[in-house]
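Observations on the model geometry
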Amino acid sequence: MSRIPQSLFDAAAVNRPLRGRVAIAGAATYGCGEAPGMDDMTLLVRAAQAAVQDAGLSMQDIDGLATCSVNASMWTMPVIEHLGINPTYVDGTMIGGSSFIAHLLPAMRALEAGQCKAVLVCYGSAQRSATFGRKESVAARRFLDPQPYEFPYEPVLPVTAYALAAARHMHEFGTTREQLAEVAVAARAWAQMNPEAFMRDPLTIEDVLGARPIASPLTVRDCCLVTDGGGAIVLTRADRARDLARPPVYVLGNATAIWNRQISCMPDLTTTSAAQSGAQAFAMAGLKAADMDMAQVYDAFTINTILFLEDLGFCAKGEGGAFVAKGGIAPGGRLAVNTNGGGLSCVHPGMYGIFALIEAVRQLRGEAGARQLKQHRTAVVHGNGGTLSSQSTAILGTAETL
């Protein structure tokens, strides 16, 4: 699957007329970190209300909804009840943590077609504080989401799967434990400039390597946080967004690709379908990795960042370790990556994709405070779901990129 067929670029060309036709008009988070006493719905609703207010709209203006949940297959219906809306466009597609980035393109089509005027993309999870938390959810999925080639061997998912990919990358390309640790250290350096980040204590390479082992070669500091949190964005047509409260952030490209569900079914443990989703999203945007001022990527584990930087075209396959080494993706490095601290140090309530989008919006609007990038015209946002299963890529830009 290393070579992307021409037909997939043809599909990107079909979407090219949508480039910049839709903008993110509002964005907000709520309850990131620990939110005792709150449940998934409360966090979602409060983030949604804040995002709608950020856009200068009211909830009665929302006539499109895109949302999903790890635990509820019919999640859109109670969300509609709690928000008190009557949407003419509904998307409940659930493909893991990449879902909220994958929700963009269908929403763009609905907005362009006139099916709706304002789409709310929202998520909430009290994974850290809830009685029914990650452990219980994983146990339930053994029955609700069977994986016949893996579950009989009782791996500790998802970490075992990502450790497998990390070990293969180390074997095949000589990637080192220190290079994996660089990803966690860089994320923490960004988090230290973000008051919303859950973990802001100093972190060194030695701290990562000496932390509690989880699944070889990964330690606990190679693994994402378990937090609470809600996040939401509001999408409108670009011509409407220009008259709303906040500077529009335009969606220039978006694509989603899935090659497998179980990691044992990946064609190549060192190449993800981000190679496809990224190529298509960049083709739709008419841009390339070198044009990006930042990358907000789903860093559930340190190996993710290395794999996605390679698959999205920031460096050649096998060179991701060297790319992140010596502070390559830390503040002041060659590429700004996960400037909020990512899932490793900022927030990770089960699914992270919406928070990567929100951080890109904040950077592109110049609202990131101490961590604000000097150059902030373009961003690639990348989501991952399952065990390197679903991949979705979005290219965002300011008005000067249109």
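Small disclaimer: the values here were computed from a predicted structure and weren't measured.

Moving on, we come to the nonpolar core. Of all hydrophobic cores here, the largest spans 124 residues; its most connected members are Leu83, Leu120, Ile233, Leu235, Phe314, Ile354 and Leu396. The contact partners of isoleucine 354, leaving out residues within four places of it in the chain, are Phe100, Val121, Tyr123, Gly231, Ala232 and Ile233. Residues Ala181, Ala184, Leu203 and Ile205 belong to the second largest nonpolar core, which totals six residues.

So, about the UniProt feature "domain: Thiolase C-terminal" (unreviewed entry) in the protein. Per the UniProt annotation, the sites labelled "domain: Thiolase C-terminal" (unreviewed entry) are residues 255-398. Along residues 255-398 the backbone is 30% helical and 18% strand, and the end-to-end C-alpha distance reaches 19 Å.

Throughout the structure, instances matching the rule amount to four aromatic pairs. Taking 5.0 Å as the distance between ring centres and 45° as the angle between the ring planes, the aromatic pair formed by phenylalanine 100 and tyrosine 123 counts as tilted. In this pair, phenylalanine 100 is assigned in helix 4 (residues 99-102) and tyrosine 123 in strand 4 (residues 118-125), connecting sequence segments 23 residues apart. Note on tyrosine 298 and tyrosine 352: the rings are 5.5 Å apart at their centroids and 85° apart in plane angle, and the pair reads as edge-to-face. Within this pair, whereas tyrosine 298 is found in the loop between strand 9 (294-297) and helix 12 (302-311), its partner tyrosine 352 is found in the loop between helix 14 (342-345) and helix 15 (353-364), the two being separated by 54 residues in sequence. Taking relative accessible area as the criterion, tyrosine 298 reaches 4% and is therefore assigned buried. For tyrosine 352, a relative accessible area of 0% puts it in the buried group. Among the aromatic residues, those joined into a cluster by ring pairs are Tyr298, Tyr352 and Phe355. The ring of phenylalanine 323 has arginine 334 lying over it, and the distance from NZ or CZ to the ring centre is 5.2 Å.

Parameters and conventions
- Residues numbered from 1 in each chain as written.
- Predicted model: local features only at pLDDT ≥ 70, side-chain atom pairs only at ≥ 80, totals over all residues.
- Heavy atoms only, no water.
- Core = buried A, V, L, I, M, F, W, Y, C linked by side-chain atoms within 4.5 Å.
- Buried < 20%, exposed > 50% of the residue type's maximum accessible area, 1.4 Å probe, protein only.
- Contact = heavy atoms within 4.5 Å.
- UniProt positions renumbered as here; feature names shortened; annotations may be inferred.
- Helix = DSSP H or I, 4+ residues; strand = E, 2+ residues; numbered from the N terminus.
- Phe/Tyr/Trp six-rings, centres within 6.5 Å; stacked < 30°, edge-to-face > 60°.
- Lys NZ or Arg CZ within 6 Å of the ring centre and 35° of its normal.

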